[in-house]
Amino acid sequence: MRFIINEHSIEADVDVRTSLLDLLRDHLGLTGTKKGCNQGACGACTVLVDGERINSCLALAVQYQDREILTIEGLGTIGDLHPLQAAFIEYDGFQCGYCTPGQICSAVAMIGEIRRGLPSALTEDLALEQIGFSEDEIRERMSGNLCRCGAYNGIIEAIRATYAEESAQEREAAA
Amino acid sequence: MIELRYEKAVDPASAMQLHGGRGTARYLGGGTNLVDLMREEIEQPGLVVDVTGLSGDIRETDGGGLLIGAGVKNTALAEHRAVRARYPLLSRAILSGASGQIRNMATVGGNILQRTRCYYFYDDAARCNKRSPESGCDAIDGFNRIHAVLGTSPACVATHPSDMCVALVALDAVVHLQGASGARAIPLTDLHRLPDGHPEIETVLEPGELITAIEIPNLPFAARSTYRKVRDRASYAFALVSVAAALDVEHGIVRDARIGLGGVATKPWRARAAERAVVGKAATEANFRAAAEAELENASPLSGNGFKIELAKRTIVHTLGELA
Ligand SMILES: Cc1cc2nc3c(=O)[nH]c(=O)nc-3n(C[C@H](O)[C@H](O)[C@H](O)COP(=O)(O)OP(=O)(O)OC[C@H]3O[C@@H](n4cnc5c(N)ncnc54)[C@H](O)[C@@H]3O)c2cc1C
Ligand code: SF4
Ligand code: FES
Ligand code: FES
């Protein structure tokens, strides 16, 4: 089976039962993606597939052949942090760090969802094309990622700061 | 462990052929329910037939409704412009379920056929008629705070957990099926069975029968509709009670109403008694309350879930009030 992980094509032969999470961690040594509950309830295993966030623990690896899979390892490195990784450090977006890779992958995709106008359960007017980036919106959209350390305030601040920064840069580029 | 094979279907015909109606075969959507149940060994298939390649289209029907392929992802359905404008209760129901990650994986077909979250169903040390017919039901005298008050039987009191289906039954959705004996279309309200004496038989589907699409008829007044979900935490939890409703009010009189209930019943619940009670009446809180009373008149509480009856009534009143 062929997988495309962090822009590398990888051949791996795994049992049908193997989850994408176990493929990453146990077969490919990509242990940045974490196993929390292994049942879809915590978000620690969040990765991006073709830019969309999913829980890799509930995904059978066989279903994700030839798709673009992005994990925390592909998002940034210690020498070249993704802006959200830098913001998580600046705003204390973690304590133990176990949920952090999932939080960051989830947030990257979530920002994309807001930008393309996907409403949330809290969005008042479903007809709006532009969705506000309020704290409540972020909390609702990030509810699939639990943090046992309760670093939520820092997580929200880091996301908001990164998004504000990106928006400012875009406005500048447009002007 | 049983050997597990994987096949990917390219269209309904190949899906059915690969499945072959075998009791050990399962269709596989996003896997968010089936993979979990396989890990718990509640489901032990020998073959999974991936149907995520089935139609992922949403298109207009001649009658002004929508035809939604079974392979459409939950996120895509909630996000669709026509759904947001014409059937907001459906967008809202989907968006209030699960998490962003799970909605990206879950398909329409899989959401409809997801299985109950009854704890005893998941716990193979417990007795459960649904998992193991005729073994008894540990929920009836156990922790049953999350269980149903409508449509229950002495054999099973488990709820159907879907939010999406609650909106769909309110909208008179029709399920398109493809089976060994051909294609058929049935109302979604007829797809799920009440548990009666056989909670292990959850739907009227024939062995190997495939959901190919779901159709929502044209319903202009559904543009004024919403979904309200009450749960133990603000997000990412199953409903204790939920209400999907659309209301057609003119000059203060309810001309038509559609109401679905979630979290309280053994199948996605169409609240026809409430609808009958409110249509033709003034859109007042007292009349909404009377409609809610009518629907829950025959509700049967268990030791731990009696609160759901009053909660459902208040949620109905509040939701209709919001639309009036
Ligand atoms: C942590 C967690 C929280 C959740 N919270 C909610 C919630 O709040 N509200 C809610 O509504 N749901 C919730 N869910 C459930 C979720 O919505 C379902 O798991 C999902 O919709 C199932 O879709 P799927 O495509 O992944 O189905 P799968 O798991 O792939 O399949 C489910 C079933 O459907 C069958 N199937 C799939 N497609 C077809 C088809 N085309 N024809 C015939 N049979 C088919 C499969 O054989 C299987 O039996 C939650 C799930 C998790 C894990
Ligand atoms: S309520 Fe139904 S699913 Fe739950 S234990 Fe009883 S029989 Fe099983
Ligand atoms: S490990 Fe996947 S959601 Fe918890
Ligand atoms: S930082 Fe410890 S779980 Fe989130």
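In this text the structure is predicted, and so the values were computed from the model without any measurement. (Residues numbered from 1 in each chain as written. Chains lettered and ligands numbered in written order. Predicted model: local features only at pLDDT ≥ 70, side-chain atom pairs only at ≥ 80, totals over all residues. Heavy atoms only, no water.)

## Observations concerning the overall build of chain B
Our working rule: Here a helix means four or more residues in a row that DSSP labels H or I, a strand means two or more in a row labelled E, and each is numbered from the N terminus. C-alpha atoms define the radius of gyration in this analysis, and the globule rule sets the expected value at 2.2 Å times the number of residues to the power 0.38. Here a residue-residue contact requires only that any non-hydrogen atoms of the pair lie within 4.5 Å. We treat Lys and Arg as the positive residues and Asp and Glu as the negative residues; His and chain ends play no part in the count. In plain terms, the charge of a residue is placed at NZ if it is Lys, CZ if Arg, CG if Asp and CD if Glu.
The helix and strand tally for chain B stands at twelve helices and twelve strands. Radius of gyration (C-alpha) of chain B: 19 Å, near the 20 Å computed for a compact globule of 324 residues. Long-range contacts, defined here as pairs at least 24 residues apart, represent 63% of the contacts in chain B between residues at least 6 apart. Of the charged side chains in chain B, 36 are positive and 37 negative; the average position of the first set lies 4 Å away from that of the second.

## A look at the packing of aromatic side chains
All names here are of chain B. Here is the rule: Side-chain rings of Phe, Tyr and Trp (the six-membered ring for Trp) are treated as a pair once their centres are within 6.5 Å; stacked means planes under 30 degrees apart, edge-to-face means over 60, and tilted covers the remaining angles. For every residue, the accessible area (1.4 Å probe, protein chains only) is compared with the maximum for its type, and the residue is labelled buried under 20%, exposed over 50%, or partly exposed between those bounds.
Applying the stated criterion to the full structure yields three aromatic pairs over all chains. With 6.1 Å between their ring centres and 70 degrees between their planes, Tyr119 and Tyr120 make a pair best called edge-to-face. Its relative accessible area of 40% is what places Tyr119 among the partly exposed residues. The class for Tyr120 is buried, based on a relative accessible area of 14%.

## Considerations on the UniProt feature "domain: FAD-binding PCMH-type" (unreviewed entry) in chain B
Where we set the bar: UniProt positions are given in the numbering used here, feature names are shortened, and annotations may be inferred rather than shown by experiment.
When the UniProt feature table is mapped onto this chain, "domain: FAD-binding PCMH-type" (unreviewed entry) is found at residues 1-221 of chain B. Between the end C-alpha atoms of residues 1-221 of chain B there is a gap of 53 Å, over a span that is 25% helix and 17% strand.

## Some thoughts on the sheet that holds strand β10 (residues 241-250) of chain B
All names here are of chain B. In plain terms, the rule: Any two strands are treated as partners once DSSP identifies two or more bridges connecting them. Orientation is described by axes fitted as lines to C-alpha atoms, over the contacting stretch for helices, and by angles from 0 to 180 degrees between their N-to-C directions.
Here four strands make up an open sheet; going across it, the order is β9-β10-β11-β12 and the pairing antiparallel. If you trace the sheet from one side to the other, it starts and ends with β9 (225-230) and β12 (269-270), each paired once. As defined by bridge partners, β10 adjoins strand β11 (residues 253-262) across nine bridges and the pair is classed as antiparallel. Residue Asp248 lies in a different strand from β11, and its bridge partner there is Asp256. The sheet strands contacting helix α12 (residues 307-323) are β9, β10 and β11, and the helix crosses β10 at an angle near 35 degrees.

## Some points on the sheet that holds strand β5 (residues 68-70) of chain A
All names here are of chain A. In space, the five strands of this open sheet follow the order β2-β1-β5-β3-β4, with mixed pairing throughout. In this open sheet, the two edge strands, each paired with only one partner strand, are β2 (8-11) and β4 (52-55). Across the sheet, the mean angle separating the axes of adjacent strands is 40 degrees when strand polarity is ignored. Relative to β2, strand β1 (residues 2-5) is paired through four bridges, and the arrangement is antiparallel. Among the inter-strand pairings, Ile4 is bridged to a residue of β2, identified as Ser9. Helix α1 (residues 20-27) rests against β1, β3 (46-49), β4 and β5 of the sheet, and its axis sits at about 80 degrees to β1. Sheet strands touched by helix α4 (residues 100-115): β3 and β4. Its angle to β3, the strand with the most contacts, is close to 40 degrees.

## Let's talk about the confidence of the model for chain B
Which entries qualify depends on this criterion: Each residue carries a pLDDT score, the predictor's own confidence in it, on a scale running from 0 to 100.
Looking at chain B as a whole, its pLDDT mean stands at 97, while 100% of the residues score no less than 70. The ipTM assigned to the predicted complex is 0.97, against a pTM of 0.98.

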